[in-house]
Structures are given as structure tokens and as C-alpha cells.
Amino acid sequence: MSVLDEDWRADLDEIDAALIDGYQSGFPVVERPFRVVGGQLGIDESEALDRVRRLRERGIFRRFGAVLNPPVIGSSTLAAVSAPEERFSSVVEVINSYRQVNHNYRRDHSWNLWFVVTAASQQKRDAILDEIETRTGCTVLNLPMLTDYYIDLEFPVVNDDAFARESVAATDASATRISEAAVGDLSALDAALLTEIQAGFPLSATPYRDIAAAIDADVDEVVAAVERLRTDGCIKRVGCVVNHIVTGFDANCMVVWDVPDEDLDERGEAVGELPFVTLCYHRPRRPEQDWSYNLFTMIHGRESDAVDAKIDELAADHLPFEHERLYSTETLKQTGAQYDDLVTAETET
């Protein structure tokens, strides 16, 4: 077992386990959600709220609230640079200084810094990448998502599974095209709401009323807006966001594959339905930058040996193509995407 997960379950009871594994999504979108959850768990409202607070304080939950969908709300891309070791820290500092950069990882590869940029428009996103190139002197590898086959980091963690979703029986995957030209075309209410909730909901008995007060709206409007944004795909799920590192899933590998273009959708959907694959999507090749890979998969595990075994299985049984394994070796930034500028698509940073 990972060192990180040796004692994280200490003092957790069955109700805590139910909250952790059962409420990563589907949290009630009603004015008093903890009253509903408490009733479902056989406890009162205040105890349900206290338990979520305690799990958040212990770091098992990153936050409580909505998981937003950056490619639907605005224009998002995965980018990478090859940072020289002697300037590594300074390059990281420049990249992380952009509020539009919400994830940044060191990976064991010649392209050693991988980060996500989300902005209100493709124009603004690419302007940020150009600035990063100028300020760091490092060429940027720009790999926007073109097709989503399966993306979901919701999976049970209160177990001894060696890799994520080991105990999940089945998964549905489908090819969903992603537009690079997406813009933050939201109403004033929607934009204010997303800005207010991007870091999570208030941990109170009345989170939606608190959000409504913060944006000067009616609570019924806020509840209706959250439901609408979830239906439209801007919000992926509402619930307790688990910290997978704290719960032991720290052996995480991004595997990139050179799949024949004519086979991409068939292979992507099939691989996306494998329970142990947590992410599967299509990004462009960049042959001019010596990047020939077009299919990305992620496997989250507690032990690198178990993850490697699953990658071997992928290569042998499902994706018999050239591939590379990019293990994340350091988390340099990990926050929710920032949506302050979604109403407009201006290019300033």
C-alpha cells in the first residue's frame, strides 16, 4: 500500500465511508442539502454537515461543491514545456503566476512540465501561451482536447483497490467533440454564480442561500441555475471532491498513444469503457514538435507496479501501438479553473 494511505482511514466509520464514496456526485441541489443527506444516512442535518467539515479539515475532501467543465464553459488546453533543470523553478514560477493555469505537474519526460490553461476564448488562451513562451524562453506544446471519450475522477476510495475503479463493474463511453472556439457565453447570473462557486460551496446548512446572498440573487434562481448548468454540461457534478493523493491514489500515469486516425473513435470508446481507465481523450499530433501521439489515457493507482500492469494490459489487448508513459512526479499547482472573465473574451491576462 502507498505510504499516504496507511492511516487516512483511521477513525472513519460506515457513515463517513458512505459520504466519501457515495456523495462525490448527486448531492441534493436544494436549499438545505445536508438535511436531505442526513435523512438518507440516518443522521440529522447538523451531524451530516459536521462530518463533511471534518473530512474537509482532514484533507480527505478537497472541497464541497460543483465540479465545473472547462472545455464547455470556455477554451481550455493541455500544454507542456521542456524546462531546463537549471531554470526549472523560475519557469514554474512564471507558469503558475497565471490565474488561468489551474493544474501544473512535473512529469518524467523530456516535456517535463504539463499544465492546463482555461480562458474565456481561444484567442485569450493562445495569448497566454504566447506570453509563457516569451517570458520563459521555452517552446510550448499546445494540445487542446478534440474528443472526450471518458473523463471522470469519481470513484470509490474507501477500499484496498490497487487502482482506481477496480471495483466498478462497467463504464459508458462515447465520442464527444470539443470545440476550441468555445467562449464564455453566459448570462450575468451564470457568470456571477460560476465565479462565486469556483473554489467550492460554503460549508453551511444553507449553501445555496449563502451563494445567493453573495451574488445578490434569489436563492430559487441560484438553485435553478445550478440545475440548468448541470444539464447543459457546464457543471459536471455536485458533491464532495475527494483528494485522491491523500486517499492513496498517488501512482498516476498519463499514457500517450499513436493510434491510426481511422481507428481513433473505435479504440477511444472501447478503452474509455474499461473500468480502470479514469480519463480517455483525443488531442492533436504535433509532428513539427516531434509529438506523434493522439490518444491520451490516465490510470490512477496506489502502486506503480499495479498501474504498469494495467498499462501492459492496455498495450497487449486494446492499444497495440507505440506509446509512452508519463508518470507525474510532482504536483506544482492544483486548483479549480478560474472563471472571473467568462462573460467577455478579451485578451488581457
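Everything discussed here concerns the structure shown above.
What counts as what
- Residues numbered from 1 in each chain as written.
- Predicted model: local features only at pLDDT ≥ 70, side-chain atom pairs only at ≥ 80, totals over all residues.
- Heavy atoms only, no water.
- Phe/Tyr/Trp six-rings, centres within 6.5 Å; stacked < 30°, edge-to-face > 60°.
- Helix = DSSP H or I, 4+ residues; strand = E, 2+ residues; numbered from the N terminus.
- Buried < 20%, exposed > 50% of the residue type's maximum accessible area, 1.4 Å probe, protein only.
- Lys NZ or Arg CZ within 6 Å of the ring centre and 35° of its normal.
- Pairing = 2+ DSSP bridges.
- Polar contact = N/O pair within 3.5 Å; in protein donor to acceptor, adjacent residues only side chain to side chain.
- Contact = heavy atoms within 4.5 Å.
- Axes fitted to C-alpha atoms, helices over the stretch in contact; angles between N-to-C directions.
- Parallel < 35°, antiparallel > 145°, perpendicular 65-115°, else oblique.
- Nonpolar A, V, L, I, M, F, W, Y, C, P; charged D, E, K, R; others polar.

(A) Main features of the packing of aromatic side chains. Scanning all chains against the criterion turns up eleven aromatic pairs. Centroid distance Phe-34 to Phe-64: 5.2 Å. Interplanar angle 55°. Geometry classified as tilted. Separated by 30 residues along the polypeptide, Phe-34 in helix α2 (residues 33-41) and Phe-64 in strand β1 (residues 61-68) bring together distant segments of the chain. A ring pair is formed by Trp-114 and Trp-291, whose centres lie 5.6 Å apart and whose planes are at 55°; its orientation type is tilted. A residue pair is termed long-range when its members are at least 10 positions apart, and Trp-114 in strand β4 (residues 113-119) and Trp-291 in the loop between β10 (279-282) and β11 (295-301) qualify at 177 residues. Exposure remark for Trp-114: the relative accessible area of 1% places this residue in the buried category. What makes Trp-291 buried here is its relative accessible area of 1%. One aromatic cluster in this structure is built from Tyr-23, Phe-27, Phe-34, Phe-64, Phe-201 and Tyr-208. Directly above the aromatic system of Phe-88 lies the positively charged group of Arg-106, at a separation of 3.9 Å from the ring centroid. Positioned over the ring face of Phe-296 is Arg-283, at 5.7 Å from the centre of the ring.

(B) Inspection of unusual backbone geometry at higher detail. Positive phi, normally seen in glycine, also occurs at Asp-11, with a value near 70°. Relative to the helices and strands, Asp-11 resides in the segment before α1 (14-22). Not every positive phi belongs to a glycine, and Asp-216 is a case in point at roughly 55°. Owing to a relative accessible area of 74%, Asp-216 belongs among the exposed residues under this scheme.

(C) Highlighting the sheet that holds strand β2 (residues 75-81). With antiparallel pairing, ten strands are arranged side by side in an open sheet as β5-β2-β4-β3-β12-β9-β11-β10-β6-β7. Since the sheet does not close on itself, it has two edges, and those belong to β5 (141-143) and β7 (176-177), each with one partner. Inspection of the sheet shows strand β9 (residues 251-257) paired to β11 by seven bridges, in the antiparallel sense. Counterpart to Trp-257 in the pairing with β11 is Leu-295.

(D) A look at the side chain of Asn-294. Examined against the element boundaries, Asn-294 turns out to sit in the loop between β10 and β11. What makes Asn-294 buried here is its relative accessible area of 0%. Polar contacts involving the side chain of Asn-294 include one to the side chain of Asp-261, which spans 3.1 Å. Aside from chain neighbours lying at most four places away, what touches Asn-294 is Trp-257, Asp-258, Val-259, Asp-261, Leu-264, Tyr-281, His-282, Arg-283 and Arg-285.

(E) Examining the packing of helix α8 (residues 207-214) against helix α9 (residues 219-232) more closely. At a minimum axis separation of 8 Å, α8 and α9 run at an interaxial angle of 110°. Of the possible angle classes, the one that applies to α8 and α9 is roughly perpendicular. Every residue of α9 that contacts α8 at Tyr-208, Arg-209, Ile-211 and Ala-212 is listed here: Val-219, Val-222, Val-223 and Val-226. Split by residue class, the contact of α8 with α9 holds seven nonpolar, no polar and one charged.

(F) Here's a closer look at the environment of Glu-288. Along the polypeptide, Glu-288 turns up in the loop between β10 and β11. Along the backbone, Glu-288 and Asn-112 are 176 residues apart, and their C-alpha atoms lie at a distance of 18 Å.

(G) Fine view of the environment of Ala-162. Here Ala-162 is to be found in the loop between β6 (147-151) and β7. As for Ala-162 and Arg-325, which are separated by 163 residues in sequence, their C-alpha atoms are 18 Å apart. Once residues lying within four places of it in the same chain are set aside, the contact partners of Ala-162 are Gly-301, Arg-302, Glu-303 and Ala-306.

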